[in-house]
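What follows is the residue order along each chain.
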Amino acid sequence: MILQQPITDNLELIAKQVVEGFIIGLHKSPFHGFSVEFAEHRLYNPGDPLRHIDWRVYGRTDKLFIKRFEEETNLRCCLVLDTSSSMQFPKDEKKLTKLQFSCYAAASILQLLKRQLDAGSLAMFDEDVYYFSDCRSVNTHYRMLTNELQKLLTHSSQNKTTHAAAAIHRVAEQMHKRSLVMIFSDMMDDSENLEEMFSALQHLRYNKHEVILFHIIDGAQELAFEFENRPYEFVDMESGDRIKLQPQQIKNEYISQMQQFQKMVADRCHQYQIDRVAVDLSQPVEQVLYSFLVKRNKLM
């Protein structure tokens, strides 16, 4: 589902629609072998407590099933969202911002986690971590996390810089059990903080966590530098710095520098065994769900 324009009425409903369409698409594609048959029970095994048997299901099927509880979840997953000012790009009412796209993607992943009876948590950061939930699998918990993402759809902040390293270190320290950590960020941190950020990512891997970095970017403007050939004033959304210039004067140099930066991030992620997924805002949210499902099936 390509969300061309922000829709803020009901994030949970939109996420459900995205997931339903995604699952239907899987059954019609080469990915049909993935585990998308969600169940809330497992077969009874000799020795399981009888009090956990779902007798209603037994009455309908003549088979013994055990109700699955939070401690029996298959996966623990933490969604980490960068909410700094640069994530509010582009400033175009007809497009989703990087933050809004991340919210739709994260809400859709929460729906998948809930259906699989996996446990999820949510962390949000800009200059510091200001929200970090427990990791649970009950429906009320997922509804609470989706509500937090709903608030972010209209989130606005000025000159909020990125300090991803502190957030990632905190996640590494507080996720005590081996988990899948999914980070949504445009990686627009100050250059002097990049080494510290990669050190934090290494911290996650050292603690045995699996990591997916969703590198969010507007391909047309941030990679291809597609602007009309006229004077512009470019504003750094995090620092507020301004510069006036003609795009064509710097386009080739800009593209070269951006390609080097993208390669550097990709190389470091490969070095630390981190799955980096380049996410273009022009592509559907499903690109994130495919990456999540591929990773989950490898872990299970």
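Scroll up a little and you will see the structure.
Residues numbered from 1 in each chain as written. Predicted model: local features only at pLDDT ≥ 70, side-chain atom pairs only at ≥ 80, totals over all residues. Heavy atoms only, no water.

Draft legend 1. Looking closely at empty space enclosed by the protein. Tallied over the full model, the rule gives 2 cavities of 30 Å³ or more. Lining the largest cavity are Ala164, Ile168, Ile183, Ser185, Met187, Met197, Leu201 and Leu213. Elements represented by at least two residues in the lining of the largest cavity include exactly helix 5 (164-174), strand 6 (180-185) and helix 6 (191-206). Looking at the lining of the largest cavity residue by residue, the classes come out as 7 nonpolar, 1 polar and no charged. If you trace the second largest cavity, you find it lined by Glu12, Leu110, Gln111, Lys114, Tyr142, Arg143 and Thr146. Among the residues forming the lining of the second largest cavity, the class breakdown is 2 nonpolar, 2 polar and 3 charged. (1 Å grid on protein atoms, 1.4 Å probe; cavity = no way out; pocket = protein on both sides within 12 Å on 5 of 7 lines; lining within 4 Å. Points joined across faces, edges and corners; volume = space filled by probe spheres on them. Helix = DSSP H or I, 4+ residues; strand = E, 2+ residues; numbered from the N terminus. Nonpolar A, V, L, I, M, F, W, Y, C, P; charged D, E, K, R; others polar.)

Draft legend 2. Broad picture of the packing of aromatic side chains. A full pass over the atoms with the stated rule returns 9 aromatic pairs. Summarising the aromatic geometry, the rings of Trp55 and Tyr58 are spaced 5.8 Å apart at their centres and angled 85 degrees between planes, so their arrangement reads as edge-to-face. Of this pair, Trp55 and Tyr58 both sit in helix 2 (residues 55-61), 3 residues apart, which is roughly one turn of the helix. An aromatic cluster is built from Phe225, Phe227, Tyr232, Phe234 and Tyr254, whose rings are joined through pairwise contacts. (Phe/Tyr/Trp six-rings, centres within 6.5 Å; stacked < 30°, edge-to-face > 60°.)

Draft legend 3. Up close: unusual backbone geometry. The amide bond that connects Phe89 to the next residue, Pro90, takes the cis arrangement and shows omega of 0 degrees. Tracing the backbone shows Pro90 in the loop between strand 3 (76-82) and helix 3 (98-115). The phi dihedral of Lys208 is positive, around 75 degrees, even though this residue is not glycine. Phi is positive for Phe225, close to 55 degrees, though the residue is something other than glycine. Mapped onto the secondary structure, Phe225 falls in the loop between helix 7 (219-223) and strand 8 (232-235).

Draft legend 4. Focus on the pattern of salt bridges. Inspection of every chain in the model, using the stated rule, returns 14 salt bridges. Across the pair Arg178 and Glu210 runs a salt bridge whose closest N-O atoms are separated by 2.9 Å. Here the residue Arg178 occupies a position in the loop between helix 5 and strand 6, and Glu210 occupies one in strand 7 (residues 210-217), the gap between them amounting to 32 residues. Notably, a salt bridge pairs Glu228 with Arg230, separated by 3.2 Å at the nearest N-O pair. The network of salt bridges with common partners includes Arg178, Arg205, Glu210, Asp275 and Lys295. (Salt bridge = Lys/Arg side-chain N within 4 Å of Asp/Glu carboxyl O.)

Draft legend 5. Broad picture of the nonpolar core. Among the nonpolar cores identified, the biggest contains 47 residues, and Leu79, Leu81, Ile109, Leu149, Met182, Phe184 and Phe214 are the most heavily contacted of them. In terms of residue count, the dominant contributor to this core is helix 3 (11 residues). Core analysis: the next-biggest nonpolar cluster, separate from the first, contains 33 residues, Ala164, Ile183, Ala200 and Cys269 among them. (Core = buried A, V, L, I, M, F, W, Y, C linked by side-chain atoms within 4.5 Å. Buried < 20%, exposed > 50% of the residue type's maximum accessible area, 1.4 Å probe, protein only.)

Draft legend 6. Geometry of the packing of helix 3 against helix 9 (residues 286-299). Relative to each other, helix 3 and helix 9 sit at 40 degrees, their axes nearing to 9 Å. Relative to helix 9, helix 3 is oriented oblique. For the element pair helix 3 and helix 9, the recorded crossing hand is right-handed. Between helix 3 and helix 9, the contacting residues are Phe101, Ala105, Ser108, Ile109, Leu112 and Leu113 on the first element and Gln287, Val288, Leu289 and Phe292 on the second. (Axes fitted to C-alpha atoms, helices over the stretch in contact; angles between N-to-C directions. Parallel < 35°, antiparallel > 145°, perpendicular 65-115°, else oblique. Left-handed = near helix turned anticlockwise from the far one by under 90°. Contact = heavy atoms within 4.5 Å.)

Draft legend 7. Spatial organisation of the environment of Ser282. Mapped onto the secondary structure, Ser282 falls in the loop between strand 10 (275-280) and helix 9. By relative accessible area, which is 44% here, Ser282 ends up partly exposed. Expressed as a C-alpha distance, the spacing of Ser282 and Leu96, which sit 186 residues apart in the sequence, is 9.2 Å.

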